Amino acid sequence: MSDKKVRASALDEGRRSGDGRAFVGMPSFPEAAHEAVGDTTLRANLRHATHTIRDKRARAVAELDDWAALREAGKRIKDETLRHLDTHLLRLEAGVTDAGGTVHWAADAAEANRIVADLVRATGETEVVKVKSMATQEIGLNEHLEAEGIAAYETDLAELIVQLGEDRPSHILVPAIHRNRGEIRDIFAEKMGSWGRAAPEGLSDTPAELAEAARLHLREKFLRAKVGISGANFMVAETGTLVVVESEGNGRMCLTLPETLISVVGIEKVVPTWRDLEVFLQTLPRSSTAERMNPYTSMWTGTADEDGPRAFHLVLLDNGRTDALADEVGRQALRCIRCSACLNVCPVYERAGGHAYGSVYPGPIGAILTPQLRGTTSEIDASLPYASSLCGACYEVCPVAIDIPEVLVHLRERVAEEGGKGHRLEKAAIKAASWVLDHPNVLAAGERVASATRKVHPKRLPGPGARQWSDHRDLPELPAEPFRDWWRKNRT
Amino acid sequence: MRVALFVTCVNDAVFPSTGVATVRLLERLGVEVDFPAAQTCCGQPQFNTGYREETGPLVRRTVRAFEGYEHVVVPSGSCAAMVRHHYPSFGAEAAALGPRVHELTEFLVDVLGVTDVGAYFPHKVTYHPSCHGLRMLGLGERPRRLLEAVKGLELVELPGAEECCGFGGTFAVKNPDVSAAMGADKITNALSTGAGVLCGADNSCLLHLGGMLRRRQDPLRTLHLAEILASTEEEPWR
Ligand code: SF4
């Protein structure tokens, strides 16, 4: 299946399933990655983009001599908050309610979608503008609203590109990272007209012209919209304040112009106090866009007279998070502040691309978060914990010190235990190998046979495992004798 | 000083020359080397693939094999990292082996306190720092300092050195396309240096890269660091 077809069919499945699991029916990671690896344009786009941002991040982080302390502080704040999550959430609810907002609790994607659709319908509106939000993508909100006859317009530049291109985001921060300027120009020229204001005649692919086309197209939507939908980067429990961190200013428009604002936020985004933001407002921009400070930080507390939205609704989303919280090793994934630094350094992400991860959370964080949120029963979800060489580059850059390799191995244990496709055979092979390795005499005998017959070994082998290896590599020529025999002859 | 050599299963079966070189090097530096025959595999491949239960017997075997040795030297960053970082989760006895295990360059630089081991290797060499040595052990500049002190050796910088080569144990088999793409990029970088030797301190990575190089018939060979350090003017290595 070609990459585009993978994307399209996953999209169809998502629309049909309507439960927010927009990638149901995805092929396993290695299958999906196969196409991406062979797509030279995609590889070049990703390589260029990830290497540029990765180098910039390293410089931005190196500027701070207390980076290690900030990282440790971020980790601690998140861990301590997660330990008493219920208390902090109730405090948040009280804060939001006192400030004139309404809090809704959603156990899963379906419930969250239903709540949001009902809220929009109650306003009598049939269109909404959206701030870039991972949580609403996770639950497939746009697709759900569309099915309810409500049009949702993405206003983040990259999300707009993805939406107009009927595509899927492939990066947390730069959802259209897989597209180059030429591709974006074509999408704008072709699609903008059918969604609203068309792109100017003779649009070129210079960043300034592309941004201007988006600005004109979006401005029309901002000024008309009566309902805005957002996520949030942080929720401060002590005052019931929500925080959105962004670069373009479109978020500020969506958060302030509409009469009704609905925010859908994962329960793990709560922090106890304003002081805690001191840490994250330093680590997040440097880790994500390599900026010392992001251009726009919007904060709002409930509603205010004569200013901003008249009505504010907060939908607190669980959708698998309490399951992850119950896992002692896996729960550290909930510390994630979605900076995407781990994607940008990941050699696997760079070559497989974001779509192969079959979820809105690609890259290393996706590989540990998705199987915890959705379980490991589908083919794609069961293959995600293996989508890593365990090189550890992600852990090194993570601003909240999530030990991603540790969680990957932990989830591999879970998948192996469940004994799905291929794993029963693998378990038997591993058991046999471990038995041999626990019997040095048997091992030595095997090594000797292999060495003695080395001249007749083929360079390529059939069979599962061996074929995958020898498709790309020659097998090594075995030595005349194993080390243990050399030792016996020469040193004893 | 007396040490135990933990040669590792890959070196025992596929790269005995690395074990021989390690013995020759250590003995040249006045170290007495033992090879406890009960040793086999540290259990890392099983562990990293998600088979903790099957790893247990190998952990216990390794711990027993090296009982009583104050220093255990292992010419593999990956196996050293397994023992140091993951053995503690298998109990106190297993945890106690961690601090006694030294990856080869750690042993040379930190325990013996040498960087010039008296080696001679008149070739142009580039060095790939394998991920587990680099990130889990924090080997840092140790391998480079050792290589820089080798007489006749010209060390050239490997572009993108800190990027994973794509081996990753069973990753190479479970994700063959991505693994091969990573390996190909590593090889392109290594070839761009004009070096004749791609040196590493982990033979599993070199097994993967060497296999690709042979398939492509590129003019570059892989060699474990120990074999370069073992080479002298009197007894050159290959
Ligand atoms: S896991 Fe860490 S590095 Fe990756 S997106 Fe989350 S916070 Fe950032």
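Scoring rules and cut-offs
Residues numbered from 1 in each chain as written. Chains lettered and ligands numbered in written order. Predicted model: local features only at pLDDT ≥ 70, side-chain atom pairs only at ≥ 80, totals over all residues. Heavy atoms only, no water. Helix = DSSP H or I, 4+ residues; strand = E, 2+ residues; numbered from the N terminus. Rg over C-alpha atoms; globule rule 2.2 N^0.38 Å. Contact = heavy atoms within 4.5 Å. Areas by Shrake-Rupley, 256 points an atom, 1.4 Å probe, with all protein chains shown as cover. Buried area = accessible area lost by both parts, 1.4 Å probe. Salt bridge = Lys/Arg side-chain N within 4 Å of Asp/Glu carboxyl O. Polar contact = N/O pair within 3.5 Å; in protein donor to acceptor, adjacent residues only side chain to side chain. Buried < 20%, exposed > 50% of the residue type's maximum accessible area, 1.4 Å probe, protein only. Pairing = 2+ DSSP bridges. Axes fitted to C-alpha atoms, helices over the stretch in contact; angles between N-to-C directions. Core = buried A, V, L, I, M, F, W, Y, C linked by side-chain atoms within 4.5 Å. Near = heavy atom within 4 Å. Nonpolar A, V, L, I, M, F, W, Y, C, P; charged D, E, K, R; others polar. Domains from an automatic or database assignment. Expected span 1.5 Å × (residues − 1). Parallel < 35°, antiparallel > 145°, perpendicular 65-115°, else oblique. pLDDT = per-residue confidence, 0-100.

What about the overall build of chain B?
So, point 1. Along chain B, the regular secondary structure elements total 13 helices and eight strands.
So, point 2. Taking 2.2 N^0.38 as the reference for a compact globule, 238 residues should give roughly 18 Å; the C-alpha atoms of chain B span a radius of gyration of 17 Å, in line with that estimate.
So, point 3. Along the first, second and third principal axes, the C-alpha atoms of chain B reach 50 × 45 × 25 Å.
So, point 4. When contacts within chain B are restricted to residue pairs at least 6 apart in sequence, those whose partners lie at least 24 apart make up 79%.
So, point 5. Counting only carbon and sulfur atoms, one obtains 51% of the accessible surface of chain B, whose full area is about 8,000 Å².

Looking at the interface of chain B and chain A
So, point 1. Each partner contributes residues to the interface: chain B has 58 residues there, and chain A has 59 residues.
So, point 2. Summing both sides of the interface, chain B and chain A together bury roughly 5,300 Å²; the carbon and sulfur share of this comes to 58%.
So, point 3. It is B:D12, B:Y51 and B:R215 that lose the most area in chain B upon contact with chain A, and together they represent 14% of the buried surface on that side.
So, point 4. At the boundary of chain B and chain A, one finds 13 salt bridges.
So, point 5. One salt bridge in this structure joins B:D12 and A:R484, with 2.8 Å as the shortest N-O distance.
So, point 6. There are 27 residue pairs in polar contact (both at pLDDT 80 or more) connecting chain B and chain A.

Describing the pattern of salt bridges
So, point 1. This model, assessed by the stated rule, comprises 49 salt bridges over all chains.
So, point 2. The closest approach of N and O atoms between A:E63 and A:R292, which form a salt bridge, is 2.7 Å. Pair noted here: A:E63 is in the loop between helix 3 (40-62) and helix 4 (67-83) and A:R292 is in the loop between helix 13 (274-288) and strand 9 (296-301), with a separation of 229 residues, a long-range link.
So, point 3. Note on A:E63: relative accessible area 42%, which makes it partly exposed.
So, point 4. A:E212 is paired through a salt bridge with A:R215; the nearest N and O atoms lie 2.6 Å apart. Taken together, the positions of A:E212 and A:R215, both in helix 11 (residues 207-224) and three residues apart, correspond to about one turn of that helix.
So, point 5. When salt bridges that share partners are traced, they join A:R43, A:R47, A:R54, A:E350, A:R351, B:E163 and B:D185 into one network.

Comments concerning the sheet that holds strand 3 (residues 151-154) of chain A
Either a parallel or an antiparallel arrangement is found when strands of a sheet pair, and the pairing is made through backbone hydrogen bonds.
Residues and elements named next belong to chain A.
So, point 1. Taken together, six strands build an open sheet; the order of strands is 1-10-7-4-2-3 and the sheet is parallel. Across the chains shown, the open sheet's two edge strands, defined by having one partner strand only, are strand 1 (102-106) and strand 3. Sheet twist, expressed as the average angle between the axes of neighbouring strands with direction ignored, equals 25°.

A word on the environment of A:A73
So, point 1. Considering the arrangement of structural elements, one finds A:A73 in helix 4.
So, point 2. Note on A:A73: relative accessible area 26%, which makes it partly exposed.

Thoughts on the nonpolar core
So, point 1. Among the nonpolar cores identified, the biggest contains 134 residues, and A:F29, A:F188 and A:L314 are the most heavily contacted of them.
So, point 2. Apart from the residues lying within four places of it in its own chain, the contact partners of A:F188 are A:L157, A:L160, A:I161, A:L164, A:A199, A:L203, A:L210, A:A213 and A:A214.
So, point 3. Core analysis: the next-biggest nonpolar cluster, separate from the first, contains 38 residues, B:L25, B:V109, B:L153 and B:L225 among them.

Focus on the site of the ligand
So, point 1. Lining the immediate environment of the ligand, one finds A:C336, A:I337, A:R338, A:C339, A:S340, A:C342, A:I365, A:C398, A:P399, A:V400 and A:I402.
So, point 2. Taken together, the residues that form the shell around the ligand break down as nine nonpolar, one polar and one charged.

A few points about the domain arrangement of chain A
So, point 1. Looking at the assigned domains, one finds that chain A contains domain 1 (14-317) and domain 2 (430-491).
So, point 2. Between the C-alpha centres of domain 1 of chain A and domain 2 of chain A there is a distance of 52 Å.

What about helix 12 (residues 203-216) of chain B?
Residue and element names in this part refer to chain B.
So, point 1. Taking 1.5 Å per residue, 14 residues should reach 20 Å; helix 12 reaches 19 Å between its end C-alpha atoms and fits that length.
So, point 2. In terms of residue burial, helix 12 counts as a mostly covered element, since 12 of its 14 residues are buried.
So, point 3. Taken residue by residue, helix 12 has N203, S204, C205, L206, L207, H208, L209, G210, G211, M212, L213 and R215 as its buried positions.
So, point 4. Phi turns positive one or two residues past the end of helix 12, at Q217, with a value near 55°.

Topic: the sheet that holds strand 3 (residues 72-74) of chain B
Residues and elements named next belong to chain B.
So, point 1. With parallel pairing, the four strands of this open sheet are ordered in space as 2-1-3-4. Only two strands of the sheet have a single partner each, and these edge strands are strand 2 (32-34) and strand 4 (101-103). Direction aside, the axes of adjacent strands within the sheet are offset by 35° on average.

Digging into the packing of helix 21 (residues 423-437) of chain A against helix 4 (residues 52-65) of chain B
A pair of packed helices is characterised by two quantities: the angle between their axes and the separation of those axes.
So, point 1. Between helix 21 of chain A and helix 4 of chain B, whose axes approach to 9 Å, the crossing angle comes to 10°. When the axes of helix 21 of chain A and helix 4 of chain B are compared, the pair comes out roughly parallel. Of the residues in helix 4 of chain B, those in contact with A:K427, A:I430, A:K431, A:S434 and A:L437 of helix 21 of chain A are B:E53, B:E54, B:L58 and B:R61.
So, point 2. Considering only residue class, the contact of helix 21 of chain A with helix 4 of chain B consists of three nonpolar, one polar and five charged.

Details of the confidence of the model for chain B
So, point 1. On average, residues of chain B score 96 in pLDDT, and 100% of them are at 70 or above.
So, point 2. Both scores are available for the predicted complex, with the pTM at 0.92 and the ipTM at 0.96.

Quick word on the side chain of A:E127
All names here are of chain A.
So, point 1. Along the chain, the position of E127 falls in strand 2 (residues 127-130).
So, point 2. Reaching out from E127, the side chain makes a polar contact with the side chain of R224 at a distance of 2.9 Å.
So, point 3. When residues no more than four places from it in sequence are discounted, the contact partners of E127 are I150, A151, Y153, R224 and V227.

Here we look at the domain arrangement of chain B
All names here are of chain B.
So, point 1. Splitting chain B by domain gives domain 1 (2-111) and domain 2 (124-230).
So, point 2. Domain 1 and domain 2 are separated by 21 Å when their C-alpha centres are compared.
So, point 3. Contacts between the two partners involve 29 residues from domain 1, matched on the other side by 21 residues from domain 2.
So, point 4. Note on domain 1 versus domain 2: buried area summed over both sides is about 2,000 Å², and carbon and sulfur give 64% of it.
So, point 5. Sorting the residues of domain 1 by area buried against domain 2 places F15, T105 and V109 first, and these three jointly supply 21% of that buried surface.
So, point 6. Taken together, domain 1 and domain 2 are joined by one salt bridge.
So, point 7. R142 is the partner of D110 in a salt bridge, and the nearest nitrogen-oxygen pair spans 3.0 Å.
So, point 8. Applying the counting criterion to the domain 1 and domain 2 interface returns 15 residue pairs in polar contact (both at pLDDT 80 or more).
So, point 9. By residue class, the composition of the side of domain 1 that touches domain 2 is 10 nonpolar, 13 polar and six charged.

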